[in-house]
Amino acid sequence: MAVIHRTTMQPTKMELLGAWLPTRPWYAAGAGGPLPVRAGGFRLDDPEGEVGIEFMVVTDGTGPDAVAHHVPLTYRAHPLPGAEHALVGTSEHGVLGRRWVYDGAHDPVLAERLHALLDGRAEPQDQTATDAPDPTVAVVPLTPDGTGAGMELVRVEEGPDHTDVVVRRPGAPAPLVLRVRRVLRADGGTADGGTARVTGEWQRPDGTTARGTYATAFTALTA
């Protein structure tokens, strides 16, 4: 169970994301604006208790042109070997000390937990409270086609508005794609084509609530 500490991070998450987001190929807002604003999301627990896992939504801009970006993040006490390309930055946590913050789509622990969520073996947790399930997150689960719960991360591919995390499950005939939507749209959870999906809410700049697809899963066409 992840413990949510009431403390500070320096630099803050929004400061880290304000510098990092405009460098991403799927970034859909204009560069040079104000810092992004936290707008929603949820957490997942790492059974080993080592890695913080957060599916964060931030909004960039104001009014009808505001863009909602979905940024899964992982927080680690030490650098993740081979993941320098996915490093968002480092920050000093008021309780835990230095944390390495990564784009979670490239972190094998987040990939395993997202797969577990879609497989019905993990429960979404509130972003700001300890041991508090988030009832606003809905999951349409995977149809079992493997012989076990494990998985292996094969590769990560960046798209124009999404990131595909390709994994292999024991006994499955083909790899599985976990598609992380990067630019969220208020589609009510019906878009994107995947048979399994995670949907959630976020707050628009005008204070209204939107709901859409955070992630989907489908069988890969190629190995």
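These numbers come from a predicted model, not from an experiment.

Asker: Please set out the overall build of the protein chain residue by residue, giving values where relevant.
Answerer: Across its full length, the protein chain carries two helices and 13 strands. With 223 residues in all, the protein chain has 48% of them scored as buried. For the protein chain, contacts bridging at least 24 residues in sequence account for 56% of all contacts bridging at least 6. Here the protein chain has roughly 10200 Å² of accessible surface; of this, 53% comes from carbon and sulfur atoms.

Asker: Account for the nonpolar core, naming residues and giving values.
Answerer: Core analysis: the biggest nonpolar cluster contains 32 residues, and Phe42, Leu114, Leu118, Leu178, Val198 and Trp202 have the highest contact counts within it. Sorting the residues of this core by element identifies strand 2 (37-44), strand 3 (52-60), helix 2 (108-118), strand 9 (162-168), strand 10 (176-181), strand 12 (196-203) and strand 13 (209-219) as the ones contributing at least two each. Among the elements that make up this core, the one with the highest residue count is helix 2 (six residues). The residues touching Leu114, leaving out its near neighbours within four places in the chain, are Leu44, Phe55, Leu178, Val180, Val198 and Ala215. Residues Met14, Trp26, Ala29 and Val183 belong to the second largest nonpolar core, which totals 18 residues.

Asker: Please provide a residue-by-residue account of the side chain of His115, values included.
Answerer: Topologically, His115 is positioned in helix 2. Setting aside residues up to four positions removed in sequence, His115 forms contacts with Arg121, Leu142, Ala149, Gly150, Met151, Arg169, Leu176 and Leu178.

Asker: Just give me the short version of the pattern of salt bridges, but keep the residues and values in it.
Answerer: One pass over the structure, following the stated rule, counts 14 salt bridges. Lys13 serves as the salt-bridge partner of Glu54, at 2.9 Å between the closest nitrogen and oxygen. Note that Glu54 is positioned in strand 3 and Lys13 in helix 1 (residues 13-20), a separation of 41 residues in sequence. Taking the relative accessible area as the measure of exposure, Glu54 reaches 0% and is therefore buried. Its relative accessible area of 14% is what places Lys13 among the buried residues. We note a salt bridge from Asp107 to Arg76, for which the minimum N-O separation is 2.9 Å.

Asker: Lay out the pairing of strand 6 (residues 97-103) in plain terms, naming residues and giving numbers.
Answerer: Most of strand 6 is tucked away: five of the seven residues are buried. The sheet contact formed by strand 4 (residues 67-76) and strand 6 spans four bridges and is antiparallel. Counted as the bridge partner of Arg76 is Trp100 from strand 6. Judged from the six bridges that link them, strand 5 (residues 87-93) and strand 6 form a sheet pairing that is antiparallel. Note on strand 6: the bridge partner recorded for Ser91 is Arg99.

Asker: Describe in detail the packing of aromatic side chains, supporting the description with residues and values.
Answerer: Enumeration according to the criterion identifies three aromatic pairs in this entry. Considering the side-chain rings of Trp20 and Trp26, the 6.0 Å spacing of their centres and the 65 degrees angle between planes classify their relative orientation as edge-to-face. Trp26 carries the same exposure label as Trp20, and that label is buried. Linked through ring pairs, Phe42, Phe55 and Tyr214 together constitute an aromatic cluster.

Asker: Explain the side chain of Asp103 residue by residue, including any values.
Answerer: On the secondary structure map, Asp103 appears in strand 6. A polar contact of 2.9 Å, which involves the side chain of Asp103, links it to the side chain of Arg182. The residues contacting Asp103, other than those within four sequence positions of it, are Trp20, Pro72, Ala86, Val88, Glu158 and Arg182.

Cut-offs and rules
- Residues numbered from 1 in each chain as written.
- Predicted model: local features only at pLDDT ≥ 70, side-chain atom pairs only at ≥ 80, totals over all residues.
- Heavy atoms only, no water.
- Helix = DSSP H or I, 4+ residues; strand = E, 2+ residues; numbered from the N terminus.
- Buried < 20%, exposed > 50% of the residue type's maximum accessible area, 1.4 Å probe, protein only.
- Contact = heavy atoms within 4.5 Å.
- Areas by Shrake-Rupley, 256 points an atom, 1.4 Å probe, with all protein chains shown as cover.
- Core = buried A, V, L, I, M, F, W, Y, C linked by side-chain atoms within 4.5 Å.
- Salt bridge = Lys/Arg side-chain N within 4 Å of Asp/Glu carboxyl O.
- Pairing = 2+ DSSP bridges.
- Phe/Tyr/Trp six-rings, centres within 6.5 Å; stacked < 30°, edge-to-face > 60°.
- Polar contact = N/O pair within 3.5 Å; in protein donor to acceptor, adjacent residues only side chain to side chain.

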